[in-house]
Amino acid sequence: MDTADMKLTIGHLYPDLLNLYGDRGNIVCMVKRCLWRGIRAETIEFNMGDRVDFSKLDIVLLGGGSDREQKIVCRELRRIRREFQRYIEDNGVVIAVCGGYQLLGRYYRTKDDIIEGLGLLDIYTEQGDGRLIGNIVLDSEWSDVPVVGFENHGGRTYIGGHKPFGRVLYGAGNDGKSGYEGVVYKNVTGTYLHGPLLPKNAQICDHLIKKALERKYGPVQLKKLDDGMEMAANAYICSRFAGRKRATLV
Ligand code: GLN
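Residues numbered from 1 in each chain as written. Predicted model: local features only at pLDDT ≥ 70, side-chain atom pairs only at ≥ 80, totals over all residues. Heavy atoms only, no water.

We now examine the environment of Y192. Tracing the backbone shows Y192 in the loop between strand 12 (188-191) and helix 5 (197-200). A distance of 2.8 Å separates polar atoms of two side chains, one belonging to Y192 and the other to Q102. A distance of 3.4 Å separates a polar atom in the side chain of Y192 from the backbone oxygen of G155. (Helix = DSSP H or I, 4+ residues; strand = E, 2+ residues; numbered from the N terminus. Polar contact = N/O pair within 3.5 Å; in protein donor to acceptor, adjacent residues only side chain to side chain.)

Printed below as a string of structure tokens:
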């Protein structure tokens, strides 16, 4: 099948509450990389109270949010839990960032509260002393070059027997100790890498697009794009940070 006949629908869950650091830029990046290949792509935003029809969605983005916003969203998410779970078990693609990542788990315990998660993955988060803030570089099997980004979280996430998104080369990652970052379950990726995760890591973006297309249409070969600038930026960040390991506590 020609990619020109293909189309992806991206669902953005609660952009009004979960959009720290402009996590929505990841959607712009996915849409652009589809359009450059002649693949049609549309985005649907769902706000509080909207009905989410997961059967129409190929990719779902849950962004990051403050503890307060997470608490509001978690109540709403619990209402759509069953449909969300069905979508995940049916290999739907999900990218969940920071607060969104934490909400996929069983709970997020802060110093004076416990925010119940969706329990879609057997992971949990606990607030630690100080925040883990700074640049981060990972080795991930979904990218030939290190994955680069920025993290800022008070929660420490414990992923148990789940597979991590990557191994930390520089930065803190899930809990500042295990040496791992994020989680991958079926076609769900949870990560602490905020903001321009996909613009900075084109291969991860293409991996998600490919998974979503293949779920819908069967095997797909994505056309190569000119990623010269992205690769140059990646090489610069890696040379600046990789090889040094440090978590910034403030
Ligand atoms: N409130 C969460 C934490 O600090 C997530 C914050 C975020 O999404 N940046 O751990």
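A separate point is the site of the ligand. Around the ligand, the structure places 16 residues, and the nearest of them are D67, Q70, Q102, G155 and H194. Within the backbone of G154, one N or O atom sits 3.0 Å away from an oxygen atom of the ligand. Measuring from a nitrogen atom of the ligand, one finds a side-chain N or O atom of H194 at 2.8 Å. Bound to the protein, the ligand loses 97% of the 300 Å² it would expose on its own. Mapped by element, the contributors of at least two residues to the shell around the ligand are helix 2 (67-79), helix 4 (99-104) and strand 8 (147-158). With four residues, strand 8 is the single largest residue contributor to the shell around the ligand. (Near = heavy atom within 4 Å. Areas by Shrake-Rupley, 256 points an atom, 1.4 Å probe, with all protein chains shown as cover.)

A separate point is the sheet that holds strand 4 (residues 93-97). Taken in spatial order, the six strands make up an open sheet running 2-1-3-4-12-11, and their pairing is mixed. Among the strands making up the open sheet, the edge pair consists of strand 2 (40-46) and strand 11 (183-185). Strand after strand, the sheet turns through a mean of 15° between neighbouring axes, direction not considered. With respect to the sheet, helix 1 (residues 25-35) is in contact with strand 1 (7-13), strand 2, strand 3 (59-62) and strand 4, its orientation differing from that of strand 2 by roughly 160°. (Pairing = 2+ DSSP bridges. Axes fitted to C-alpha atoms, helices over the stretch in contact; angles between N-to-C directions. Contact = heavy atoms within 4.5 Å.)

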